[in-house]
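Breakdown of the fold
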Amino acid sequence: MESLEIYKDLFYQSLRIRLVEEKIIELYPSDLIQSPVHLSIGQEAVAVGVCANLNLDDWVFINYRGHAFYLAKGGPLPEFFAELMGKKNGQSKGKAGSMHLASPKQGIMGASAVVSSTISHAVGAALISKIKRENRIFVTNFGDGALEQGAFHECLNFASLHKVPILFLCEDNNLAVHSHKKERQSFTLEKLVGSYGIPFHEIEEGYDFVKVQKLSKISIDEVRNTKKPVFLKIKTSRYKEHVGPGEDFSAGYRDKNDINKWKKLDPLLQDKKLYESFLGKINNEIENAVKFGLESPLPDREDLLSDV
Amino acid sequence: MESLEIYKDLFYQSLRIRLVEEKIIELYPSDLIQSPVHLSIGQEAVAVGVCANLNLDDWVFINYRGHAFYLAKGGPLPEFFAELMGKKNGQSKGKAGSMHLASPKQGIMGASAVVSSTISHAVGAALISKIKRENRIFVTNFGDGALEQGAFHECLNFASLHKVPILFLCEDNNLAVHSHKKERQSFTLEKLVGSYGIPFHEIEEGYDFVKVQKLSKISIDEVRNTKKPVFLKIKTSRYKEHVGPGEDFSAGYRDKNDINKWKKLDPLLQDKKLYESFLGKINNEIENAVKFGLESPLPDREDLLSDV
Amino acid sequence: MSKTYKAALLEAMQEAMDNNPRSLIIGQGVTDFKGIFDTVKGFVDRYPDRVIETPLSEDSIAGICIGAALNGAYPINTHIRADFGLLIFNQLINLAAKYKYMFGGLFEIPCMYRMVIGRSWGQGAQHSQSLQSLMAHIPGLVVVMPADPKSIIESYRYSIQKYKGPVVMLEHRLLYELNFENDETKLSHPIFGSKLEIEGTDITIIATSVMVLEAKRAANHLKKNGISVELINLHSISHPDKKIICKSVEKTGKMLVIDTSWPAYGVCAEMNRIINEYKPSILKVPSNSMGMVSTPCPTAKALEEMYYPDVHDICKEVIKMVKKDGSEINLPKKISMTDFYKHFKGPF
Amino acid sequence: MSKTYKAALLEAMQEAMDNNPRSLIIGQGVTDFKGIFDTVKGFVDRYPDRVIETPLSEDSIAGICIGAALNGAYPINTHIRADFGLLIFNQLINLAAKYKYMFGGLFEIPCMYRMVIGRSWGQGAQHSQSLQSLMAHIPGLVVVMPADPKSIIESYRYSIQKYKGPVVMLEHRLLYELNFENDETKLSHPIFGSKLEIEGTDITIIATSVMVLEAKRAANHLKKNGISVELINLHSISHPDKKIICKSVEKTGKMLVIDTSWPAYGVCAEMNRIINEYKPSILKVPSNSMGMVSTPCPTAKALEEMYYPDVHDICKEVIKMVKKDGSEINLPKKISMTDFYKHFKGPF
Ligand SMILES: Cc1ncc(C[n+]2csc(CCOP(=O)(O)OP(=O)(O)O)c2C)c(N)n1
Ligand SMILES: Cc1ncc(C[n+]2csc(CCOP(=O)(O)OP(=O)(O)O)c2C)c(N)n1
Ligand SMILES: [Mg+2]
Ligand SMILES: [Mg+2]
């Protein structure tokens, strides 16, 4: 693809995610979505850029902040809205909600709301893939806060020891809820990862989906070629509050200027022309998806009792 | 002290531990000690060398392989034998047994039989010490296997972040039960520890109590002076089976030659003269301690129900 | 004078900091502007040394609390969801609960683990569990489920100032914002035992945490319809007051246990053991258990409403147990508990 | 033909490897010369890809099993002591148990966690726990405590070849070396339900794991003395067979529950719930619970002997329950269970 085409394509996908989440914000006060939402607004380029390099049969394991990855990897939008609305036609019949998105057909293998708890799942799936001599890779996506959990370290050790084809992907927004990385971490991530013999890469420009796509391809190709773990950290920026549809700059735990700087670099905000050109099509898709959700029946007692 | 005096003193202490454990081996078939024993034979110099640099009010947190540290830090011997025999006059009324030795008066703060589980206790005690502006240090002693537990990594992070006065002391005998380090670990420990900004030191000559004393002093002084965590790894060698009084070279999981090399360097085996000169006095102490244990009454129903 | 549940928690925490210089508040978010749902808000400014924000490392933090207690502190470790408490089960069960006994009394571990339990609003399977029975099974742990501000003040004070072992406090998310009228009843022992909330003659309801409130609403409704409920607030799950439980059931002949968790192997089970080891003949009809449906918790509101029992369901069960035919009694409307308690419009 | 418990485990593991190519054995020590008390010994040579030694990292290994199951494997994860199993409670309870439900059936997690429970010999507080009730409380987990070789063969086969969810197998350390005569009884469902071991008329004993054996010894002794015991082997702790339990107690009017763990919030409690929700009037005398004393486990042999109930204590309790005055009946001698079963001279 021409680079302009790539730019347009990734822009479209990122914008689609953002508009989906803005629709969630719009719907939220109406109580159509009665479940906590952890928005990815500001972080879309990570999911879009990385997933652009993944095949359908590559598996991604995500967490409670999972809208962007679900959509970027191809999870269906109508079932997404139905899921968030707690409807029977949701991907998981409404039992999952926003925090537990999954869509195995597209290789989205389930999200957990317990920090760091799906990293080991990705390692396990990759281990079996290696044993079966498959040719695909596994991605585990987590925040900077997840790095503090013991389970994460155990996973680095095991993945490197057993040489499994996995990309450790850290979405570093510098925050865990309201706490900054420096209040929580004493380690240098690059050195830490390096001590396991795992290659470490970093992308500073997490707002730039093209850069993310290009640079993450290097890491992803490395996993494919070496069939070994690689670590990729992408700097990003959460525009909204930790959970919920609002902003919380007034709370004083972070500086609005930091976000404003980031926003100045954010193509979705800067490239007004392209934005306008896609708006109609995307909003159309979203309206239909919302409609699908609204029209879906509620799950019933049988759904309550099944799937145990 | 003159260096010869130091040598003699540390020899005496190391030999005392070894003879105590050999007494355990002797007693074991008689079923006087009905509890698993994890012997430190071959590893005594670590405990003796390190504890030589500790004050009475420095606290040590140990594990199930705790005989050597208990004795080196000054835990009373009669109550030790009574404890192993499950008697009422044991340090812990027989409720602890070999795996859970403690003696708070001498700063031996309790041993756990769950790998890696007392490291955080040492960090916590050190944290309070810092808050109270005390002038003492804390030692957490663990095996190479403990490095694989997530909790250990969490502790490195916290200790470094909060700058607490703790010595992380790894007794590296290269084995966890029957499994070699290379089957379990993909990391370079020095780099790993370094990534937390924690100084790392290593002593190769874990058979040599004088070297251990001298070199560990550097690490311990560093903790005292900087009031920050320091990591010390000491290479050592377990002569006996993982648990129990026997040897298991016939099992084939390790090479007897490796141990033989180590034994050739072991002063307790090589310096026959000094050995002989101390034997009588130590055996005398041991006989009295065993007698104390034998004569101690059994714990009763009241003991069973108390201390919950 | 009335007081909210969370105001009582704030008061208890405040008192801990002021009256016990050993107290330490440690956990994720304890220094942030939300301050554990306002219960330790602003503390870090006043007690900078004794309010400790932590990394996302539950296991080691729980162990750090044990070590802190050994060195003379009284650590109060917060967990915004009891579900994450599963990460500390090794430290809690293998270490904290056993430290004193295992060493024959050489050590004591006075400390408190505060965990928020229960539903609020679309929290799904991993943010809604009530894990009290797992902990109450373990000798060496005291597990308390305070149901009102007064029990909070009394039991936190006693734990922090007098008790020398680990206490797990399970605080129900739905209760935080609720306002309680001043209540004159007193616990006979603040961290052990249970409390007789309402005297009655027709049936004994034993309830925990927020279900005490639902049971009260049910009792009120039923009273108007001629059914007299005796209500026991279990309070200390690990050390319930067997006497008042047996005495009550002996009087009414009927027992309904309403817990915030699953009935199997839970509070409902334990209450039946207590009765049967005393005198099974006091039960004149089969006992009854209410709690979460025996599945993980679904996220969809429509399913959540079926998942949790409420005043409507309680009345229905009581009527069944008390009268063969309750057709003449109107049931209270099935209004969502979260709607009734009103404060769950927000995301968390 | 007779068979030891551990020979049955070996057979079950062998069958797993041979008949289900997806099977994976993963845990600490699975490749060593002891091979999890001989139950997977030598496997690594024959199936090098499918027997995986692990670092000391219980939490992540449990999660790796979940991921492995998602990718088509059937992981069998071993834990030499159930006490260390507490380190996997987050993965077991928050993830494995909920995966299928939480995602509305999109995924299944067929896998097995094998955990060794119980006393052997001076194991103390952290190497002796029986944590079945903590897991049996959780919907989504199947918890089985096989008491004999036949149940092992049947239930492991069914779990590994047919069942699509996580199963926790609790194997009692004392049973491993024991030889069992061939037993013709069959489980009606290998991983759900319970088993009537002995028919009798005077009292129902419901027992788990090794306590089934002790109860059998007691039943034999009591039979000679004119007391007829009906014995139920609970087998599936999470899914007991309520019908045979209720039917039996209805017949005998008396229930004694003997578990390997603490009575409170445990198997003893749950059995009483089952009875009382069916018909409390079937209990003609107070029920009785036996299990570990309500303290952590002491190490001293002298205390251990008081800590665990044995055939002597069981007979004593049964006599009390069945006859007002049992003075004419001799009690069997109080011999240590570990001495009786003979194989604990060794260190572990
Ligand atoms: C084990 C665990 N502890 C605490 C929480 C509460 N919690 C939810 S999200 C979060 C912050 C996670 O931060 P990070 O990993 O950086 O992800 P981000 O939210 O920034 O995307 C915390 C502490 C949790 N869900 N799980
Ligand atoms: C959490 C946990 N997992 C497994 C075990 C079983 N176990 C006991 S000792 C041991 C090996 C520990 O090795 P290391 O830390 O090197 O200490 P060493 O025995 O060599 O002194 C293991 C795996 C345990 N006690 N705790
Ligand atoms: Mg973050
Ligand atoms: Mg070792």
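A few points on the structure. As the structure is a prediction and not an experimental result, all values here were calculated from the model. (Residues numbered from 1 in each chain as written. Chains lettered and ligands numbered in written order. Predicted model: local features only at pLDDT ≥ 70, side-chain atom pairs only at ≥ 80, totals over all residues. Heavy atoms only, no water.)

1. Focus: the interface of chain A and chain B
By a widely used convention, the size of an interface equals the accessible area lost when the partners come together. Taken together, the contact pairs 20 residues of chain A with 20 residues of chain B. In this assembly, chain A packs against chain B so that about 1,500 Å² is buried in total across both faces, 51% of it on carbon and sulfur atoms. The largest contributions to the chain A side of the interface with chain B come from Leu161, Ser186 and Ser195 of chain A, which together make up 33% of the buried area. The interface formed by chain A and chain B holds 0 salt bridges in total. (Contact = heavy atoms within 4.5 Å. Buried area = accessible area lost by both parts, 1.4 Å probe. Salt bridge = Lys/Arg side-chain N within 4 Å of Asp/Glu carboxyl O.)

2. What about the site of ligand 2?
Arg65, Ala113, Asp144 and Gly145 of chain B together with Glu58 of chain D are the nearest of the 20 residues found near ligand 2. Residues within reach of ligand 2 are spread across chains B and D. Measuring from a nitrogen atom of ligand 2, one finds a backbone N or O atom of valine 115 of chain B at 3.0 Å. In the environment of ligand 2, an oxygen atom lies 2.8 Å from a nitrogen or oxygen atom belonging to the backbone of leucine 175 of chain B. Contact with the protein chains removes 95% of the 580 Å² of surface that ligand 2 exposes when unbound. When its residues are assigned to classes, the shell around ligand 2 shows 11 nonpolar, 6 polar and 3 charged. (Near = heavy atom within 4 Å. Polar contact = N/O pair within 3.5 Å; in protein donor to acceptor, adjacent residues only side chain to side chain. Areas by Shrake-Rupley, 256 points an atom, 1.4 Å probe, with all protein chains shown as cover. Nonpolar A, V, L, I, M, F, W, Y, C, P; charged D, E, K, R; others polar.)

3. A few points about the environment of serine 117 of chain A
Tracing the backbone shows serine 117 of chain A in the loop between strand E2 (108-112) and helix H5 (119-131). Separated by 98 residues in the primary sequence, serine 117 of chain A and leucine 215 of chain A place their C-alpha atoms 27 Å from one another. In contact with serine 117 of chain A, other than residues within four places in its own chain, are Ser112 of chain A together with Asn90, Gln91 and Leu95 of chain D. (Helix = DSSP H or I, 4+ residues; strand = E, 2+ residues; numbered from the N terminus.)

4. Details of the relation of the copies chain A and chain B
Each copy of the sequence occupies a distinct position, and chain A is placed on chain B by a rotation of 180° and an axial shift of 0.0 Å, giving an RMSD of 0.0 Å. Classification of the inter-copy transformation places it as that of a two-fold axis. When C-alpha distances to the rotation axis are compared across chain A, the minimum falls at glycine 150 of chain A, with a value of 1.7 Å. (Least-squares fit on C-alpha atoms with pLDDT ≥ 70 in both.)

5. Section: the sheet that holds strand E10 (residues 203-207) of chain C
Residues and elements named next belong to chain C. The strand order across the open sheet formed by 5 strands is E9-E11-E10-E12-E13, and the pairing between neighbours is mixed. One side of each edge strand has no neighbouring strand; the edge strands of this open sheet are strand E9 (195-198) and strand E13 (288-290). Strand-to-strand twist in this sheet, taken as the mean axis angle between neighbours without regard to direction, amounts to 25°. (Pairing = 2+ DSSP bridges. Axes fitted to C-alpha atoms, helices over the stretch in contact; angles between N-to-C directions.)

6. Overview of the coordination of the magnesium ion (ligand 3)
Residue and element names in this part refer to chain A. In the first shell of the magnesium ion (ligand 3), the protein supplies Asp144 (OD), Asn173 (OD1) and Leu175 (O), at 2.0 to 2.1 Å from the metal. In primary sequence terms, the donor set of the magnesium ion (ligand 3) follows D-x28-N-x1-L. Highlighted residues: aspartate 144 in the loop between strand E3 (138-143) and helix H6 (150-162) and leucine 175 in strand E5 (residues 175-176), separated in sequence by 31 residues. Assigned by exposure class, aspartate 144 and leucine 175 land together as buried. (Donors = N, O, S within 2.8 Å, 3.2 Å for Na, K, Ca; no water. Buried < 20%, exposed > 50% of the residue type's maximum accessible area, 1.4 Å probe, protein only.)

7. Here we look at the coordination of the magnesium ion (ligand 4)
Residues and elements named next belong to chain B. Distances from the magnesium ion (ligand 4) to its protein donors, Asp144 (OD), Asn173 (OD1) and Leu175 (O), fall within 2.1 Å. Sequence spacing of the donor residues for the magnesium ion (ligand 4), all on one chain, is D-x28-N-x1-L. Grouping residues by exposure puts asparagine 173 and leucine 175 together as buried.

8. Regarding the interface of chain C and chain D
On the chain D side, the residues contacting the 54 residues of chain C number 54 residues. Summed over both partners, the interface of chain C with chain D comes to about 4,500 Å²; 65% of that surface belongs to carbon and sulfur atoms. Considering only the surface of chain C that becomes buried against chain D, Tyr101, His137 and Tyr265 of chain C emerge as the three largest contributors, covering 20% of it. Counting every contact that joins chain C to chain D gives 27 residue pairs in polar contact (both at pLDDT 80 or more). Where the side of chain C that touches chain D is concerned, the elements lending two or more residues are helix H5 (89-96), helix H6 (99-102), helix H7 (132-136), helix H11 (267-278) and E13 of chain C. Residues belonging to the side of chain C that touches chain D are distributed by class as follows: 32 nonpolar, 16 polar and 6 charged.

9. Structural notes on the relation of the copies chain C and chain D
Turning chain C through 180° and shifting it by 0.0 Å along the axis lays it on chain D, with an RMSD of 0.0 Å. Of the residues that chain C buries at the interface, 100% are likewise interface residues in chain D, meaning the two copies contact each other through the same surface.

10. Regarding the pairing of strand E7 (residues 166-172) of chain D
All names here are of chain D. The element E7 is largely enclosed, with a buried count of 7 among its 7 residues. Residues of E7 alternate between two faces, with Pro166, Val168, Leu170 and His172 on one and Val167, Met169 and Glu171 on the opposite face, all of them buried. As judged from the 3 bridges shared by strand E6 (residues 142-144) and E7, these two strands associate in the parallel manner. Bridge assignment links valine 142 to a residue of E7, and that residue is valine 167. Between the parallel elements E6 and E7, the chain passes through helix H8 (residues 149-161) in a crossover that is right-handed. (Right-handed = clockwise from strand over helix to strand, strands pointing away.)

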